[in-house]
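Fold and contact review
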Amino acid sequence: MTPSQCFLSVLLLVVLSCITCVDVDVNDEEVQKIATFAGMEINGGTNDMHIMMVTKIVKAKREVVAGINFHLTLEMTLTDCVKGGKQVSCKLRDTTHLCDVTVWDQPWTNTRRLTDCSCVPDIA
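Turning to helix α2 (residues 29-44), a few remarks are in order. Taking 1.5 Å of rise per residue, 16 residues should cover 22 Å, and α2 covers 23 Å from first to last C-alpha, within 8% of that figure. V31, I34, A35, F37, A38, G39, I42 and N43 are the residues of α2 that are buried. Elements that come into contact with the buried residues of α2 comprise β2 (50-65), β3 (67-82), β4 (92-106) and β5 (111-121). Where α2 begins, the capping side chain belongs to D28, and its oxygen is found 3.0 Å from the backbone nitrogen of E30.

Right, here's the structure in full:
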């Protein structure tokens with residue numbers, strides 16, 4: 001594949017990505033459940049000793065595949081709660097991240113997976 005063909009392939013992929021996505025209300029009950037799941041998965045995959053909490057669902061999209069892909073942008077804030085400790089009430093810290101996540105959900109097989117996650121510090 002030539003460099004120009006590679007560029008066109010990447011450009012096509014970017015243009016077509018999530019072309020079948022539909023905006024979903026961030027207050028939708030299923031979106032809330034998916035966001036909670038994503039937050040738990042993100043916490044399980046970090047080395048930080050403190051829990052990060054989903055403090056806001058910034059945007060949500062749904063894509064029908066062999067199941068449903070939920071594409072969410074989450075605001076996650078570090079708390080003072082330690083992983084593995086008793087979480088009665090967690091105080092939020094000043095450290096916030098924006099996370100773009102994709103969760104694949106297939107309810108009829110009881111399968112849910114975090115398939116993509118990218119978090120960056122929120123500097124706003």
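A few words now on the packing of aromatic side chains. If you walk through the whole model with that rule in mind, you get zero aromatic pairs. Taking the ring centre of F37 as reference, the NZ or CZ of R112 above it sits at 5.9 Å.

According to the stated counting rule, one finds two disulfides in the structure shown. Each sulfur of the disulfide joining C81 and C90 lies 2.0 Å from the other. Disulfide C81 to C90: torsion about the S-S bond roughly -105 degrees, handedness left-handed. You can call C90 partly exposed: its relative accessible area is 23%. Through a disulfide, C99 is tied to C119; the S-S separation comes to 2.1 Å. An S-S torsion of about 115 degrees defines the bridge between C99 and C119 as right-handed.

Right, let's get into the side chain of E63. Topologically, E63 is positioned in strand β2. Although E63 is buried, it forms no salt bridge, and the closest oppositely charged side chain is K61 at an N-O distance of 10 Å. There is a polar contact of 2.9 Å between the side chain of E63 and the side chain of H71. Setting aside anything within four residues of it in sequence, one finds E63 in contact with C18, T20, C21, I68, N69 and H71.

Bringing the layout of surface pockets into the picture now. Reported here for the largest pocket is a volume of approximately 240 Å³. Lining the largest pocket are 13 residues; nearest its centre among them are H71, L72, D100, V101 and T102. Where the lining of the largest pocket is concerned, the elements lending two or more residues are β2, β3, β4 and β5.

Quick notes on the rules
- Residues numbered from 1 in each chain as written.
- Predicted model: local features only at pLDDT ≥ 70, side-chain atom pairs only at ≥ 80, totals over all residues.
- Heavy atoms only, no water.
- Helix = DSSP H or I, 4+ residues; strand = E, 2+ residues; numbered from the N terminus.
- Expected span 1.5 Å × (residues − 1).
- Buried < 20%, exposed > 50% of the residue type's maximum accessible area, 1.4 Å probe, protein only.
- Contact = heavy atoms within 4.5 Å.
- Polar contact = N/O pair within 3.5 Å; in protein donor to acceptor, adjacent residues only side chain to side chain.
- Phe/Tyr/Trp six-rings, centres within 6.5 Å; stacked < 30°, edge-to-face > 60°.
- Lys NZ or Arg CZ within 6 Å of the ring centre and 35° of its normal.
- Disulfide = S-S within 2.5 Å.
- Lys, Arg positive; Asp, Glu negative; His and termini not counted.
- Salt bridge = Lys/Arg side-chain N within 4 Å of Asp/Glu carboxyl O.
- 1 Å grid on protein atoms, 1.4 Å probe; cavity = no way out; pocket = protein on both sides within 12 Å on 5 of 7 lines; lining within 4 Å.
- Points joined across faces, edges and corners; volume = space filled by probe spheres on them.

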